[in-house]
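Here's the letter readout for the chains.
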Amino acid sequence: MGIFPPTCDVSFLSGCAECNNDGSCTCQSYTTAEADLLTRDQTYWGGTINACPTLPILMYVLYSIALLGSTFAGVRCTYALAMQTKLARRLSRRWVEHRPNWVCAMLILSTLFNAGFCIDKLVDPEKVIGVDILPSALYAASRSLLYTGGTTQVIDFVAVAMSVQESTYGQQRIRQAVAREHLLYILPAVHTCVE
């Protein structure tokens, strides 16, 4: 017997055909217990299969849509990066000093990792986040870059707003606030670790 008590559910929504002697669910032919974030298949940790709520065909459709969305978003972010690079050149800034370039680059990488995750799940849908290394690494990289890109976008927004306010409120106070902005980079790191 594993860590978790057997809780086989044979209701209509569970997808179980019957329960085994050990309390594990026997999935119907069109369902599975595999899921990414909340798996009902506890056999990875010495438990049982509690329910079979996932329809594999639906998961294929959803991952295909996510792959198309990631591809579309990656293309749009690549176009935005080209536009921001031209803007940085026009403003006589170096590429690394222009925060929107960093936002676009992080979002492009995030969409690439997300597309890789979707392809991995389409090729082998039985891989699970937190159990198998490749989908876990792709998922973590995608989300980390997404959160960091979002944080960088917020920091850029605040920096632009503060530079506009410098003439009104004084340069010293505004520079202290901008110096504190780097603390916001801790938030995505903490969020990624917690996730």
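This text goes with the structure placed above it.
Note that the structure is a prediction, hence the values are computed from the model and not measured.

Novice: Please explain the overall build of the chain as it appears in this structure.
Specialist: Each helix and strand in the chain was counted, giving five helices and two strands. Counting across all 195 residues of the chain, residues that qualify as buried make up 33%. Carbon and sulfur atoms make up 66% of the accessible area of the chain, which amounts to about 12100 Å² in all.

Novice: Whenever I open this one, the packing of aromatic side chains confuses me. Can you help?
Specialist: Describing an aromatic ring pair means giving the distance of the ring centres and the angle of the ring planes. Within the structure shown, the criterion is met by three aromatic pairs. A ring pair is formed by Y63 and F117, whose centres lie 5.9 Å apart and whose planes are at 75°; its orientation type is edge-to-face. Of this pair, Y63 sits in helix 1 (residues 56-90) while F117 sits in helix 2 (residues 99-123); the two residues are 54 residues apart in sequence, bridging distant segments of the chain. Note on accessibility: Y63 and F117 belong to one class, buried. Members of the aromatic cluster, each reached through a chain of ring pairs, are Y63, F117 and Y139.

Novice: I would appreciate a short explanation of the pattern of salt bridges in the present structure.
Specialist: Opposite charge on two side chains allows them to pair when their charged atoms are near. Applying the stated criterion to the full structure yields three salt bridges. A salt bridge links K127 to D120, with the shortest nitrogen-to-oxygen separation between them at 3.1 Å. Overall, D120 belongs to the buried group, its relative accessible area being 9%.

Novice: I tried to follow the side chain of D156 on my own but got confused; where do I start?
Specialist: Tracing the backbone through its elements, the reader meets D156 in helix 3 (residues 133-169). Judged by relative accessible area, which is 15%, D156 ranks as buried. For D156, the contacting residues outside a window of four places in its chain are R99 and P100.

Novice: Can you help me understand helix 1 in this one?
Specialist: Since there are 3.6 residues in each turn of an α-helix, residues three or four apart along the chain are aligned in direction. Here helix 1 contains 35 residues, and its C-alpha end-to-end distance of 51 Å stays within 8% of the 51 Å for a straight helix at 1.5 Å per residue. Along helix 1, the residues that are buried comprise Y63, S70, G74, C77, L81, T85 and A88. Buried residues along helix 1 sit against helix 2. The positive-phi residue at the C-terminal boundary of helix 1 is S92, with phi of around 60°.

Novice: Quick question: what am I supposed to make of the environment of D132 here?
Specialist: Its place among the elements puts D132 in the loop between helix 2 and helix 3. Under the relative-accessibility criterion, D132 is labelled partly exposed at 25%. In contact with D132, not counting residues within four places along its chain, are E126 and K127. At a separation of 2.8 Å, a polar atom in the side chain of D132 contacts the main-chain amide nitrogen of V128.

So, how was this worked out
Residues numbered from 1 in each chain as written. Predicted model: local features only at pLDDT ≥ 70, side-chain atom pairs only at ≥ 80, totals over all residues. Heavy atoms only, no water. Helix = DSSP H or I, 4+ residues; strand = E, 2+ residues; numbered from the N terminus. Buried < 20%, exposed > 50% of the residue type's maximum accessible area, 1.4 Å probe, protein only. Areas by Shrake-Rupley, 256 points an atom, 1.4 Å probe, with all protein chains shown as cover. Phe/Tyr/Trp six-rings, centres within 6.5 Å; stacked < 30°, edge-to-face > 60°. Salt bridge = Lys/Arg side-chain N within 4 Å of Asp/Glu carboxyl O. Contact = heavy atoms within 4.5 Å. Expected span 1.5 Å × (residues − 1). Polar contact = N/O pair within 3.5 Å; in protein donor to acceptor, adjacent residues only side chain to side chain.

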